[in-house]
Amino acid sequence: MVSRKEILEGYDKTTSGISLIVNHSLPVHYDKIVQTLNRPLDQAMEMGDNSSLWGIQNSSHARLEALEWDNFVGTDLPIAVFLAILSIVGSVGNGHVFFVYFFRYNASNHRTFVVALSVIDFLACFVAIPFEIVDMRYKYTFTSANTCKTFRYINHCVVLSSGVMLGVIAVERFRKACRPFLKQLSTKGAMMACFGTVLFSVIINIPVIVFYGSAEKEADGLIVHNCQVLPSFRKNKFYKMFYGFLLILSTSIFLICTVMYIFVGRVLYKQMKFRMEAQQTHRGQTQSMIQHEVESESSSVTVSTKDSSSNGGRLSVLRSLSSASANALNRLSSKRKKIGAGRSRRITIMFIVATGVSYVGVFPNSVILIIQAVNKAHYKSLAAQLGVLMGFLLRGYFLSNVTNPIVYSFFDDRFRRELKKVYSSSILKCVLRRK
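Residues numbered from 1 in each chain as written. Predicted model: local features only at pLDDT ≥ 70, side-chain atom pairs only at ≥ 80, totals over all residues. Heavy atoms only, no water.

**Some details on the overall build of the chain**
- A tally of helices and strands in the chain yields 15 helices and 4 strands.
- Classification of the 435 residues of the chain by burial places 34% in the buried group.
- Taking all contacts inside the chain whose residues are at least 6 apart in sequence as the whole, residues at least 24 apart take part in 73%.
- Entry remark: accessible area of the chain is about 26,200 Å², with carbon and sulfur atoms responsible for 64%. (Helix = DSSP H or I, 4+ residues; strand = E, 2+ residues; numbered from the N terminus. Buried < 20%, exposed > 50% of the residue type's maximum accessible area, 1.4 Å probe, protein only. Contact = heavy atoms within 4.5 Å. Areas by Shrake-Rupley, 256 points an atom, 1.4 Å probe, with all protein chains shown as cover.)

**Quick look at the environment of Asp135**
- With respect to the secondary-structure elements, Asp135 resides in helix H5 (residues 109-137).
- For Asp135, a relative accessible area of 8% corresponds to the buried category.
- Separated by 93 residues in the primary sequence, Asp135 and Gln228 have C-alpha atoms spaced 9.6 Å apart.
- Apart from the residues lying within four places of it in its own chain, the contact partners of Asp135 are Phe142, Arg152, Asn226 and Cys227.

**What to know about the environment of Lys149**
- Positionally, Lys149 belongs in helix H6 (residues 145-178).
- Sequence separation between Lys149 and Val210 is 61 residues, and the spatial gap between their C-alpha atoms is 7.6 Å.
- The residues touching Lys149, leaving out its near neighbours within four places in the chain, are Ile209, Val210 and Tyr212.
- A polar contact is formed between the side chain of Lys149 and the backbone oxygen of Tyr212, at a distance of 2.6 Å. (Polar contact = N/O pair within 3.5 Å; in protein donor to acceptor, adjacent residues only side chain to side chain.)

**Considerations on the side chain of Ser91**
- Residue position: Ser91 is located in helix H4 (residues 50-104).
- Residue Ser91 is classed as buried on the basis of its relative accessible area, which comes to 12%.
- Of note is the side chain of Ser91, whose polar atom sits 2.7 Å from the backbone oxygen of Ser87.
- In contact with Ser91, other than residues within four places in its own chain, are Leu86, Phe122, Cys125 and Phe126.

**Examining the nonpolar core**
- Membership of the largest hydrophobic core comes to 51 residues, with the highest contact counts inside it found for Tyr101 and Phe351.
- With 13 residues, the next largest nonpolar core counts Ile79, Leu83, Cys125 and Tyr397 among its residues. (Core = buried A, V, L, I, M, F, W, Y, C linked by side-chain atoms within 4.5 Å.)

**Side note on the pairing of strand E4 (residues 222-229)**
- Counting buried residues along E4, 6 of its 8 residues qualify, which places the element largely inside the surrounding structure.
- Alignment of strand E3 (residues 212-219) against E4, held across 8 bridges, turns out to be antiparallel. Each bridged residue has a counterpart across the sheet, and for Lys217 the counterpart in E4 is Val224. (Pairing = 2+ DSSP bridges.)

**Comments concerning the packing of aromatic side chains**
- Counted under the stated rule, the structure contains 20 aromatic pairs.
- Where Phe99 meets Phe103, the ring centres are 5.2 Å apart and the plane angle is 45°; that geometry is what we call tilted. In this pair, Phe99 and Phe103 both sit in helix H4, 4 residues apart, roughly one turn of the helix.
- By relative accessible area, Phe103 is classed as exposed at 53%.
- Centroid distance Phe254 to Tyr359: 5.0 Å. Interplanar angle 65°. Geometry classified as edge-to-face. Of this pair, Phe254 sits in helix H9 (residues 237-295) while Tyr359 sits in helix H11 (residues 311-374), and the two are 105 residues apart along the sequence.
- Grouping aromatic residues by their ring pairs yields a cluster made of Phe211, Phe233, Phe238, Tyr239, Phe242 and Tyr243.
- Here the basic side chain of Arg137 rests over the ring of Tyr138, its NZ or CZ set 4.7 Å away from the ring centre.
- The side chain of Arg414 reaches across the aromatic face of Tyr105, ending 4.2 Å from its centre. (Phe/Tyr/Trp six-rings, centres within 6.5 Å; stacked < 30°, edge-to-face > 60°. Lys NZ or Arg CZ within 6 Å of the ring centre and 35° of its normal.)

**Here's the deal with the packing of H5 against H6**
- As a packed pair, H5 and H6 sit with axes 9 Å apart at the nearest point and diverge in direction by 150°. In terms of orientation, H5 lies roughly antiparallel with respect to H6. Judged by the twist between their axes, the crossing of H5 over H6 is left-handed.
- When the residues that make up the contact of H5 with H6 are grouped by side-chain class, the tally is 17 nonpolar, 5 polar and 5 charged. (Axes fitted to C-alpha atoms, helices over the stretch in contact; angles between N-to-C directions. Parallel < 35°, antiparallel > 145°, perpendicular 65-115°, else oblique. Left-handed = near helix turned anticlockwise from the far one by under 90°. Nonpolar A, V, L, I, M, F, W, Y, C, P; charged D, E, K, R; others polar.)

**Points about the pattern of salt bridges**
- Using the criterion set out here, one finds 11 salt bridges in the structure.
- Across the pair Glu132 and Arg152 runs a salt bridge whose closest N-O atoms are separated by 3.5 Å. Taken together, the residues span a long stretch of sequence, with Glu132 in helix H5 and Arg152 in helix H6 at a distance of 20 residues. For the pair shown, Glu132 and Arg152 are each scored as buried.
- Residue Arg395 pairs with Glu132 through a salt bridge whose shortest N-O separation is 3.2 Å. (Salt bridge = Lys/Arg side-chain N within 4 Å of Asp/Glu carboxyl O.)

**A look at the packing of H5 against helix H7 (residues 187-204)**
- Interaxial distance between H5 and H7 falls to 8 Å at its minimum, and their mutual angle equals 20°. Between H5 and H7, the angle is such that the two are roughly parallel. Pair H5 / H7 crosses with right-handed handedness. Taking contact as the criterion, the partners of Asn109, Thr112, Phe113, Ala116 and Ile120 in H5 are, on H7, Thr187, Ala190, Met191, Cys194 and Val198.
- Class assignment of the residues belonging to the contact of H5 with H7 gives a composition of 7 nonpolar, 3 polar and no charged.

In short, the description is geometric, and any link to function would need to be established separately.
Structural data, given as structure tokens:
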């Protein structure tokens, strides 16, 4: 704040190119002038000397921008760099996932869920994360209320849509693995579930448009504007009920996913154990059959030689060939079934890992927000202890939007193959065009 002595002797602001000199001989209302340093321009203009107060306002704004930049570089720059990396990696990764699954896969529940998640994750990485960086950069001078409302609403929608959709996927995987003889969700049903999830999130988060805006607060002795919950709603019952509902909903989805995947994990473990025992039994039977064939090899050679010179021998040869063909077809059919079952297991494990990574990022954020709501003093103490790490934990929920493509590439071998084909064909076309 400006002291009385500074006002009486003169206030010179060379950075803005405007000087304000107040002499002892002039009637100076220094209390009002000090207040104008922290007031909007229209209030300052009402005090009399418009040009002088304009200079004070400019000097106050320049000081505000300097403090804002220092705060960003000193506190938020590492978080902004981290978020920028997440935004780039996530946008590129989810773009690849959408292209490959949408254009190279046949219609299925698996494809429908992955495509829907890739669209939501792309919006989070391409829209929500950049806005978070902008919000951190202009922490003191964010004056656009409509921009604040729009992007906060988008942020809430993509986070809730992603969480609810992971819950829907968990239920679908549970029914497929643990209740295989019941009626399963069709591809059309999966599409309707995805559409319903997004519509639910869009409607539920409408209050966010009302709650958020460009709010005023005091920081470093100045009145600043930030994109946050408006002061008039912070103690509002409806505001508390809304975020209480979101907390209960997210906790319920977490519990549903946990319980569903515990049952799915038990089934997968039993299947894996049964498969290992069957393989050991098959190996033992194969070894005994080989030993038996070796022992009877000499006699079978003699018999086949005698039979080959007669019609009976020809029939024996034809029977052996038809038997071998039937065995080959049976082996091929069983191999295809094993491949299909193995792929279904990998897809289930893929969604389990994706859900786990999602909640690893969401859980610290939820805990910190609960602490903030219950005990603000403890929250401030925790923020002081964690420092910059607090900013990373509060934005950890963006991790799931970025890591999903990485999870798909690890567990879906077909996704890797199709991606290689896309790039191979693109490179080949470029080479042929140059020639």
